[in-house]
Amino acid sequence: MKRIIIINEGETEQGFCKDVLQPYFFSKDILIQHPTIKKSGGGIVAWDVLKKQIETHLKQDPSVFVTTLIDYYGLYDNHKFPNWKEAKAFVDINRKISFIEQSMQDSIDETLRHRYIPYIQLYEFEGLLFNNIEVFNSQIAPDKFSDYNELVNIMTENPNPELINDGKETAPSKRLMRLIKGYNKPVYGSILAQAIGLERIRSKSPRFNNWINILEAV
């Protein structure tokens, strides 16, 4: 059985890997392991810290593949990701993130990098949850919605939920916190992701779908 380690930014992504990705990949004879970033115990860190964890995993097992599930939202200059300043020249967000991902891979030890699959979620993991209003209706009590119509409008206006932006008040997780009373990121993230299902998430989120395709092909 092949093995992939997905280094997660936090508990929400870790729960998604455990509850949604792990069963799917196990059916394809691929074992998924899903630690969070060790230095922070969850939360983005400087690239040199994350790079050390990536290379440590790769060195421990010459057959393992390592990937990352971190959000573009929350990455800043002080995290010093490779070629971060150069990436700002790209207007198209997809090209910008692809450039950063390639720079991340190129930064890994050349004897190991062929087993590292960099991935940054555009813009934030929670964007994947803005997939289907029926799922929210089935999983969340009506009195928990603070503005149900706005939730519907967000999904209508964003057929590709990955493009819901990274503003401090408009990032996907910030919207969910505002629109659902008592929203808990890890709990609701897992419940909604499982209810949506991987197939429907992939169908609306092309960057995420491409990442899954790459992992399937290791």
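Model, not experiment: these values are computed from the prediction. Here the residue numbers are simple positions, counted from 1 along each chain's written sequence. The predicted origin of the model limits local features to residues at a pLDDT of at least 70 and limits the giving and counting of side-chain atom pairs to 80 or more, whereas totals for whole chains, interfaces and linings rest on all residues. Water and hydrogen atoms play no part in the side-chain values, which are based on all heavy atoms of the structure.

Novice: Whenever I open this one, the nonpolar core confuses me. Can you help?
Specialist: The tendency in soluble globular proteins is for nonpolar side chains to be buried side by side. Phe16, Leu21, Phe136, Phe208 and Trp211 are the most contacted members of the largest nonpolar core, which totals 41 residues. Each helix is a run of DSSP H or I of at least 4 residues and each strand a run of E of at least 2, with the numbering of both proceeding from the N terminus. Of all the elements, helix H1 (residues 11–26) adds the most residues to this core, at five residues. Filtering out sequence-adjacent residues up to four positions away, Phe16 remains in contact with Leu21, Leu69, Phe125, Ala193, Leu198, Ile201 and Phe208. For the purposes of this section, nonpolar cores are sets of buried Ala, Val, Leu, Ile, Met, Phe, Trp, Tyr and Cys residues that join through side-chain atoms within 4.5 Å. Buried means the residue's accessible area, taken with a 1.4 Å probe over protein chains only, is under 20% of the maximum for its type, while exposed means over 50%, and partly exposed covers the values in between. Every residue pair with non-hydrogen atoms within 4.5 Å of one another is taken to be in contact.

Novice: Even after reading the chapter, I still don't get the pairing of strand S2 (residues 30–33), so can you show me in this structure?
Specialist: Two faces make up the sheet, and in a regular strand the side chains alternate between them. Every second residue of S2 is oriented toward a common face, the buried set being Ile30 and Ile32 and the non-buried set Leu31 and Gln33. Here strand S1 (residues 2–8) pairs with S2 via four bridges, running parallel. Among the inter-strand pairings, Ile5 is bridged to a residue of S2, identified as Gln33. Orienting the strands away from the viewer, one traces the path from the first strand over the helix to the second; a clockwise path indicates a right-handed crossover. For the segment spanning S1, H1 and S2, crossover handedness is right-handed. Here, strands pair whenever DSSP counts at least two bridges between them.

Novice: Is there a simple way to explain the packing of aromatic side chains in this structure?
Specialist: Any pair of aromatic rings gets described here by the distance separating the centres and the angle formed by the planes. The pairing test for Phe, Tyr and Trp rings, Trp by its six-membered ring, is centres within 6.5 Å, and the orientation test on the planes gives stacked under 30 degrees, edge-to-face over 60, and tilted for anything in between. Under the criterion given, the structure shown has 12 aromatic pairs. Ring plane angle 55 degrees and centroid distance 5.0 Å describe the contact between Phe16 and Phe125, whose orientation is recorded as tilted. One end of the pair, Phe16, is in helix H1; the other, Phe125, is in the loop between strand S5 (120–121) and helix H5 (133–139), and 109 residues separate them in sequence. Each member of the pair, Phe16 as well as Phe125, is classed as buried. Grouping aromatic residues by their ring pairs yields a cluster made of Phe16, Tyr119, Phe125, Phe208 and Trp211.

Novice: I tried to follow a nonpolar patch on the surface on my own but got confused; where do I start?
Specialist: A contiguous nonpolar patch, built from Met1, Phe26 and Leu31 and spanning about 300 Å² of accessible area, is present on the exposed surface. Tracing the backbone through its elements, the reader meets Met1 in the segment before S1. Note on Met1: relative accessible area 54%, which makes it exposed. Every patch collects residues that have over 30% relative accessible area and no salt bridge, joining them within 9 Å if they carry like charges and within 5 Å if they are nonpolar side chains (Val, Leu, Ile, Met, Phe, Trp, Tyr). For accessible areas, the Shrake-Rupley method is used with a probe of radius 1.4 Å. Any residue's cover is judged against the shown protein chains and nothing else. When a carboxyl oxygen of Asp or Glu lies within 4 Å of a side-chain nitrogen of Lys or Arg, that pair is called a salt bridge.

Novice: Is there a simple way to think about the environment of Val91 in this case?
Specialist: Tracing the backbone through its elements, the reader meets Val91 in the loop between helix H3 (84–87) and helix H4 (93–107). For Val91, a relative accessible area of 82% corresponds to the exposed category. Along the sequence, Val91 and His114 sit 23 residues apart, while their C-alpha atoms lie 28 Å from each other.

Novice: It is not clear to me how the pattern of salt bridges should be interpreted in this structure. Could you clarify?
Specialist: Pairing between side chains of opposite charge can happen when their charged atoms approach one another. In total, this model carries seven salt bridges according to the counting rule given. Notably, a salt bridge pairs Glu101 with Arg207, separated by 2.9 Å at the nearest N-O pair. Taken together, the residues Glu101 in helix H4 and Arg207 in helix H10 (residues 206–216) connect sequence positions 106 residues apart. Arg207 matches Glu101 in its accessibility class, with the two residues each being buried. The partner of Arg178 in a salt bridge is Glu150, and the shortest N-O contact between them spans 2.4 Å.

Novice: Is there a simple way to explain unusual backbone geometry in this structure?
Specialist: Comment: phi is negative for the bulk of residues other than glycine, and the bulk of peptide bonds are trans. A cis amide bond, omega -20 degrees, links Leu122 with the succeeding residue Tyr123. Within the element layout of this structure, Tyr123 appears in the loop between S5 and H5. For Asp29, which is not glycine, the phi dihedral falls at a positive 65 degrees. You can see Asp29 is positioned in the loop between H1 and S2. Positive phi is not limited to glycine here, since Lys80 has a value of about 55 degrees.

Novice: How do you make sense of the packing of H1 against helix H8 (residues 185–196) when you look at a structure like this?
Specialist: To obtain an axis, a line is fitted to C-alpha atoms, over the contacting stretch when the element is a helix, and the angle between two such axes runs from 0 to 180 degrees between their N-to-C directions. At a minimum axis separation of 8 Å, H1 and H8 run at an interaxial angle of 30 degrees. Our classification of the angle between H1 and H8 gives roughly parallel. Note on packing geometry: the crossing formed by H1 with H8 is right-handed. Side by side, H1 and H8 meet where Glu11, Thr12, Phe16, Asp19 and Val20 of the first sit next to Lys185, Pro186, Gly189, Ser190, Ala193 and Gln194 of the second. Three classes are used, and their members are as follows: Ala, Val, Leu, Ile, Met, Phe, Trp, Tyr, Cys and Pro are nonpolar, Asp, Glu, Lys and Arg are charged, and the others, Gly among them, are polar. The residue inventory of the contact of H1 with H8, partitioned by class, reads four nonpolar, four polar and three charged. Angular relationships are summarised with four words: roughly parallel below 35 degrees, roughly antiparallel beyond 145, roughly perpendicular across 65 to 115, and oblique for the angles in between. The sense of a crossing depends on the near helix, which, turned anticlockwise from the far helix by less than a right angle, makes the crossing left-handed and, turned clockwise, makes it right-handed.

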